[in-house]
Amino acid sequence: MGRLHPQLRLFVEDMARCVATYGDRGPALLWTDADHHFLALYRSWSRTRTAAGGSGAPAVPGPEPVPAGPEAAPLAAALGDALGREVRASYRMCAPDAPTGPDAPGDAEACVIVVDGACDVRVWPTADTTAALSLRLRAGQSLLVPARHVYATSGARIPTVLLILALGEQTW
């Protein structure tokens, strides 16, 4: 975790504790002071994609997740090292009045981080849609979506960017 800003290191430590504590039992909300660092990662991705595409317009993800680039690799690697798991990072845009999902991380957890903007997130067990938790996430807030749960977003009033850290299989 040597290349991470101290606030991102604290996020990794806190998220690792959330996964260890809540795992597949239920959603967990995490507040962090790293919100502007998440935004810097996204802006770096957007600039890189703009330069690669040559259009001059900032790149933005769509409603489907788009893989993050090398800017998010240290964060994903640090969280993966802390958990002993593979972690894949992607970005997703929640457009105003355009719901996304539902998305099911499957048998592993996912961390949904609001990078910029705000949106409503609804999480429920795959086996019971009546047991849903609904909350509003703002920039810098993260939600651990447990294994065997589904999440969907809605209610964005401005374009809202999410960073999704999908937790994969155990590596140790």
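Relevant structure appears above.
The model shown is predicted, which means the values in this text are computed figures rather than measured ones.

## Points about the sheet that holds strand β9 (residues 149-154)
Pairing between the strands of a sheet comes from backbone hydrogen bonds, and it takes one of two forms, parallel or antiparallel.
Reasoning step 1: Within the open sheet, the four strands sit side by side as β4-β9-β6-β7. Their pairing is antiparallel. A strand with exactly one partner marks an edge of an open sheet, and here the two such strands are β4 (100-103) and β7 (133-138). Ignoring which end each strand starts from, the neighbouring axes of this sheet average 20° apart.
Reasoning step 2: As paired elements, strand β6 (residues 118-125) and β7 share six bridges and run antiparallel to each other. Within the sheet, the bridge partner assigned to Val-123 lies in β7 and is Leu-133.

## Notes on unusual backbone geometry
Reasoning step 1: Unusually for a residue other than glycine, Asp-97 sits at a positive phi of about 55°.
Reasoning step 2: Note on placement: Asp-97 falls in the loop between β3 (85-94) and β4.
Reasoning step 3: Of note, the phi angle at Arg-148 is positive, near 60°, even though the residue is not glycine.
Reasoning step 4: Mapped onto the elements of the fold, Arg-148 is located in the loop between β8 (142-145) and β9.

## Quick notes on helix α1 (residues 6-22)
Reasoning step 1: Between its terminal C-alpha atoms α1 stretches 24 Å, which fits the 24 Å expected from 17 residues at 1.5 Å a residue.
Reasoning step 2: When α1 is considered as a whole, its buried residues turn out to be Leu-8, Phe-11, Val-12, Met-15, Ala-16, Cys-18 and Val-19. Each buried residue of α1 sits inside an arc of 160° when the element is viewed along its axis, so together they form one side.
Reasoning step 3: A positive backbone phi angle near 40° is found at Gly-23, which sits one or two residues after α1.

## Details of the nonpolar core
Reasoning step 1: Counting residues in hydrophobic clusters, the biggest one holds 35 residues, and the most contacted among them are Phe-11, Met-15, Leu-75, Tyr-91, Leu-163 and Leu-165.
Reasoning step 2: Put simply, the parts of the chain that give this core at least two residues each are α1, β1 (28-30), α2 (35-53), α3 (73-83), β3, β5 (110-116) and β10 (160-170).
Reasoning step 3: The element best represented in this core is α1, accounting for seven residues.
Reasoning step 4: Grouped together as the second largest cluster of nonpolar side chains are 14 residues, Cys-119, Ala-156, Leu-162 and Ile-164 included.

## With respect to the packing of α1 against α3
Reasoning step 1: Two numbers describe how α1 lies on α3: the axes approach to 9 Å, and their chain directions differ by 40°. The angle between the axes of α1 and α3 places the two elements in the oblique class. Once α1 is placed against α3, the crossing between them reads as right-handed. Judged by residue contacts, Phe-11, Val-12, Met-15, Ala-16 and Val-19 of α1 engage Leu-75, Ala-78, Leu-79, Ala-82 and Leu-83 from α3.
Reasoning step 2: Across the contact of α1 with α3, the residue classes break down as 10 nonpolar, no polar and no charged.

Calculation criteria
Residues numbered from 1 in each chain as written. Predicted model: local features only at pLDDT ≥ 70, side-chain atom pairs only at ≥ 80, totals over all residues. Heavy atoms only, no water. Pairing = 2+ DSSP bridges. Helix = DSSP H or I, 4+ residues; strand = E, 2+ residues; numbered from the N terminus. Axes fitted to C-alpha atoms, helices over the stretch in contact; angles between N-to-C directions. Expected span 1.5 Å × (residues − 1). Buried < 20%, exposed > 50% of the residue type's maximum accessible area, 1.4 Å probe, protein only. Arc of directions from axis to C-beta. Core = buried A, V, L, I, M, F, W, Y, C linked by side-chain atoms within 4.5 Å. Parallel < 35°, antiparallel > 145°, perpendicular 65-115°, else oblique. Left-handed = near helix turned anticlockwise from the far one by under 90°. Contact = heavy atoms within 4.5 Å. Nonpolar A, V, L, I, M, F, W, Y, C, P; charged D, E, K, R; others polar.

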